[in-house]
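The lines below spell out each chain.
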Amino acid sequence: MNPLETHTRRVRDRGRKLLVPYLTGGLGAGWTDHVLAAAEAGADVVEIGLPFSDPMLDGPTIQRASDAALAAGATVDGILADVARIDPGVPMAAMTYANLVFRRGADRFCAALRDAGIAGLIVPDVPVDEVEPLSRAAAAEQLDLVLLVSPATPAERRVEIVKRGSGFVYTVSLMGTTGERPALPESAGALATALKQLTDLPVLLGFGVSSAAAARAAAEHADGVIVGSAVMRKVLAGATPAEAGGFLATLREALDRPDD
Amino acid sequence: MNPLETHTRRVRDRGRKLLVPYLTGGLGAGWTDHVLAAAEAGADVVEIGLPFSDPMLDGPTIQRASDAALAAGATVDGILADVARIDPGVPMAAMTYANLVFRRGADRFCAALRDAGIAGLIVPDVPVDEVEPLSRAAAAEQLDLVLLVSPATPAERRVEIVKRGSGFVYTVSLMGTTGERPALPESAGALATALKQLTDLPVLLGFGVSSAAAARAAAEHADGVIVGSAVMRKVLAGATPAEAGGFLATLREALDRPDD
Amino acid sequence: MTAPAVDARRPTDDGRFGAYGGRFVPESLVPACDEVDRAFRAAWADPAFRSRLDEILTGYAGRPTPLTPAHRLSAELGITLLLKREDLMHTGSHKINNVLGQALLAQRMGRTRLIAETGAGQHGVATATAGALLGMATTVFMGQRDIERQALNVFRMRTLGAEVVPVHTGSRTLKDACTEALRHWVTAVADTYYCFGSVLGPHPYPWMVREFQRVIGDEARGQAAAALPAGTPDVVVACVGGGSNAAGTFAGFLDTPARLIGVEAEGGAALSHGTDGVLHGFRSKVLQNHEGQIAEPHSIAPGLDYPGVGPEHAYLADHGRARYVTVNDTEVVAAVHRLARAEGIICALESAHAVAWVLRAVTTGEVAPGATVLLTLSGRGDKDMATLMELT
Amino acid sequence: MTAPAVDARRPTDDGRFGAYGGRFVPESLVPACDEVDRAFRAAWADPAFRSRLDEILTGYAGRPTPLTPAHRLSAELGITLLLKREDLMHTGSHKINNVLGQALLAQRMGRTRLIAETGAGQHGVATATAGALLGMATTVFMGQRDIERQALNVFRMRTLGAEVVPVHTGSRTLKDACTEALRHWVTAVADTYYCFGSVLGPHPYPWMVREFQRVIGDEARGQAAAALPAGTPDVVVACVGGGSNAAGTFAGFLDTPARLIGVEAEGGAALSHGTDGVLHGFRSKVLQNHEGQIAEPHSIAPGLDYPGVGPEHAYLADHGRARYVTVNDTEVVAAVHRLARAEGIICALESAHAVAWVLRAVTTGEVAPGATVLLTLSGRGDKDMATLMELT
Ligand SMILES: Cc1ncc(COP(=O)(O)O)c(C=O)c1O
Ligand SMILES: Cc1ncc(COP(=O)(O)O)c(C=O)c1O
């Protein structure tokens, strides 16, 4: 078992709900302070976005963050160099798109992540059918390749995905892109529950988890949540690491005290 | 024989070259003074244009004169009423387009001309093939219907035209619309000569006779000339009847003294 | 119902359709018209000419055009509506049918230059196209006001290598362009062929242009026979500017029981509101005042913005063989939108006149429920987008 | 010369043309793509579907298009040039061939809504047209910058009843419109069909669109057989944006000895200047920087302004079965004018890329004197007049 999954399982098995914030890499000079602050606020894993010019699965907030980072000169190499200089104390996972991976070559890309101290990889436009070479490359570097399950995924296919994925199962809460929503759809919890019956991997819910209430609701069914746009909207609006961390702390609180 | 042709033959037979100026009817309040001045300057016939909105055979000068007259409110009835009030001492012939004739009906149109004291009619867009009903109407009113021969008219057709026309033969000097030209083409004289061999009608040359020199050249072969745009350009430029008459007098002079 | 016995198959030898037609041109143009007449008769009787024309219409210009069933609009209206798709022709309208015929004729006559009048620019573009195809110099006369309104078509003509001559006289629109082109022709008959854009002008043009456009009706007749249980439609409808697409369409159905409907623009309805007159070389119905001065028409469709109409239509109207109706600009714009949304076809404003009449006639009962209607869609609407944009 | 044994007749079951193609989309779209794949296979094997499509292509959209001999240009160049006339298709380009196929498929799948990306607006207009024809709601995504450049086509789409959604992200052009349409599709797969405009996107689109466009090549093959003594042309040439008109054309000639030439825009030449990458759901050649950020292409032809290219072309290029070349904007504009004046055809700037290559290749000897060249004229130039006017 790779380090990321070892960690996620351990947290889950301790009865703690996982909190996984997403932060766009390279957005501003001191962007890694946000990673550190997130960890400090109680993140169990930090997802780091490697911005791509054409982020097909991202909603307006993360699009804007990616564009801003690229416009400011962010590169994969630069971001990884920044990452290599920090130790947030929890695992980091990279989130990016297929083209950045394949352009470098899956092997070299995975090696670069590992060299920077990253433990996991999420590539939303590489579905399970296309995952083979990337799986092998990740495994060779002891990276976990996190796969996504969508509400549209047929039952048999879920089996395949949870089998081929590692680190955790990324459960997409709704048919849509990343972005804040007022509440999670009912069906999201049911999907997480169904997935938990299929796998022993921690099952996390993402997409549209925007508030403490939503996080608490998600945690009723899932092993944790991934929070992206809600954090990034604040970062884009100029929130300091402490302020963004403060927001994450409210989520941590909600996850830790489900009955409040 | 109708009055116009009686007159033109008599002038021709006296050895005098016919001078036939064209004046646009209804152009300005005192337009008939131009008719009187023209007669005084030695015109043998005065051609009076009844302006039409779409004068297909007229060049820029007479187009402008027609447009100006119409814009000033000129009508056939008004022009004929003006004409009825004058007696220039020489015959007048109306020049207009088919639509004004047929709109009123050829019979009524010819009767109106005669009532106004007009002796001849020229309708350049009624060629000999279409002339039958108009011929009859003109004859009934003792009007001469002047037909045109063009440089393009084949030989057999010339015979037909000079047979069906009366008053005089209007020989078109060139393939073109009315309008001033620096000189008459060589072929114009030849055409007039050929026509004179076909008919005893006076044969006049028109289109492009713009100067005393051109009039003199034309008269070498023809029985006279028709002068339109050269006069009308002066009238449009504000020439008084006396000034326009002065110009016509130079043509008269040239026709009368061919050897100067 | 049987068709009245009207014989518009060809005019008399002097170019008369009943009292209409003829050749009212300056003497200088008579021999030229005669020559066109003789050449056309010879060419039209010559299988080699016909097959060359056919080959170009088919291999170059896009014939045959489909007869498209307008399924959704038919269902909405409770009729069967078939659209003869001249909008699919090269350059965007039926105008090219006629122009290719005349240009080939001009070439056969040894002419090296084409001239034409144009209003909206469709006939000008078609003539410029034929000129380019056959390597003939082309000059198009166009009113200055139209040049300003139709800048795109002016550019298309120039791109095709044609010279576009602005006409500054009169109302500076189509009728003045036509007058000016005739004036120019007088000066250039020796090497120049005048390519009229509709069933207008001195004999033999109205007849000849009708013959070149009858391909619309002949094709449609055959297609309707295959598409309709009754073999022929109950109603045949086309818009009427000069009248060439209507004349070409009607030619295929004169001897059937089909009701023939020509649709004029309310503001340019020579047949519905005009009187007998002579303009541009022919006698027909004309919009004019009581003395005979030609009126300036107004239509949102530049191709219908003409004060006269082809003599054959005046003849068909007199004999009751065809009926002529008008629609107004508002109905026309609505018809463009209705057809676009129902069938995915943005037609020309001219063609939309025919559509507008059908829409109205279904509500008035003039077209009965269940009737079959064949409508000639004379052109596509790309040229009219700017006009429509201004309205929205 | 015999053709290399390349089998591009269909991709592998997982949508690979060699190393290219595949399905790189979010998990949410995988079942939707699967469903399109299954539905297409069933439909394509169903004679009723094929004949319905055929009927619409023929009776509505204007197929077959002629193969026009470019007589005058051929004589000037010393070759035999045949033009496959997709410019005569309804809405003005080959795009409608594909769209009608996909829209019928969507209807068969029970979808009630179409979405599409568009750059120049040609695919958007075609999709809006199909939506109107079949009574399906249509939404077209278009970059804000393109909306400003192509106001006319925006208005055409809206006239056809489509909703045009401006895309403000990225470079605000075609690639961003495509990205945004994919994002939107994720939210609406249940009732919505994504109608790709070229041989792009996740499997089965590149293959399916090629199949819908092969009517160009199949027709041309038959027409060339009748027109040419040798039966097949020496050279077959088409412009390449996403690559659909080229793929459709090439499909008819893959198994002949004809040289296949795809012509890219100098400033958008994914095959000539690109590297392996994944964009919009498929792996192919892509214009990108060393890290994989997608480049913004530039071409005077908006339909070629795309940083990727269909996977089949990458495959054909690797195997040498087709050769891909580039021409620049200057050559393209000259080609539009040359073709217009020689043949009376104003073609689209996209199509003029193919013409420009022929003009150059005759001078370099790449096309030998006497050679026979079949060129697909993918669209008409009306949409480009404003661009060309600015240049003159
Ligand atoms: C598309 C279209 N339809 C109709 C017309 C009217 O002409 P006609 O009545 O001769 O068919 C025109 C004239 O420009 C036109 O462009
Ligand atoms: C006329 C025309 N040709 C070619 C293209 C390029 O597309 P493809 O390469 O898919 O044929 C376009 C795209 O908009 C187009 O409009």
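Caption draft 1: Focus on the interface of chain D and chain C. Taken residue by residue, the interface counts 41 residues in chain D and 41 residues in chain C. Buried area between chain D and chain C, summed over both chains or domains, comes out near 3400 Å², and the portion from carbon and sulfur atoms is 63%. Taken together, the connections running from chain D to chain C amount to 4 salt bridges. Put simply, chain D and chain C have 18 residue pairs in polar contact (both at pLDDT 80 or more) between them.

Caption draft 2: Broad picture of helix 5 (residues 122–134) of chain D. Helix length check: helix 5 of chain D, at 13 residues, gives a terminal C-alpha distance of 18 Å against a target of 18 Å (1.5 Å per residue), a fit within 8%. D:Gly135 sits one or two residues past helix 5 of chain D and shows a positive phi near 70°.

Caption draft 3: Highlighting the sheet that holds strand 4 (residues 80–85) of chain D. All names here are of chain D. Strand order in the open sheet formed by 6 strands is 3-4-14-9-10-13, with mixed pairing between adjacent strands. Of all the strands in the sheet, just strand 3 (67–69) and strand 13 (322–327) have a single pairing partner and so form its edges. Sheet twist, expressed as the mean angle between neighbouring strand axes with direction ignored, is 25°. Relative to strand 13, strand 10 (residues 259–265) runs parallel, the two sharing 6 bridges.

Caption draft 4: Representation of the interface of chain D and chain A within the structure. Taken together, the contacts link 35 residues of chain D with 37 residues of chain A. Summing both sides of the interface, chain D and chain A together bury roughly 2800 Å²; the carbon and sulfur share of this comes to 51%. Taken together, the connections running from chain D to chain A amount to 4 salt bridges. The salt bridge involving A:Glu130 is made with D:Arg16; its shortest N-O contact spans 2.5 Å.

Caption draft 5: Expanded view of the pattern of salt bridges. Scanning the entire structure with this criterion turns up 98 salt bridges over all chains. Two residues, A:Arg252 and A:Asp256, come together in a salt bridge whose shortest N-O distance is 2.8 Å. Highlighted residues: A:Arg252 and A:Asp256, both in helix 12 (residues 241–256), separated by 4 residues, approximately one helical turn. Note that C:Asp37 and C:Arg41 form a salt bridge whose closest N and O atoms lie 2.9 Å from each other. Within this pair, C:Asp37 and its partner C:Arg41 are both found in helix 1 (residues 30–44), separated by 4 residues, close to a single helical turn.

Definitions and limits used
Residues numbered from 1 in each chain as written. Chains lettered and ligands numbered in written order. Predicted model: local features only at pLDDT ≥ 70, side-chain atom pairs only at ≥ 80, totals over all residues. Heavy atoms only, no water. Contact = heavy atoms within 4.5 Å. Buried area = accessible area lost by both parts, 1.4 Å probe. Salt bridge = Lys/Arg side-chain N within 4 Å of Asp/Glu carboxyl O. Polar contact = N/O pair within 3.5 Å; in protein donor to acceptor, adjacent residues only side chain to side chain. Helix = DSSP H or I, 4+ residues; strand = E, 2+ residues; numbered from the N terminus. Expected span 1.5 Å × (residues − 1). Pairing = 2+ DSSP bridges. Axes fitted to C-alpha atoms, helices over the stretch in contact; angles between N-to-C directions.

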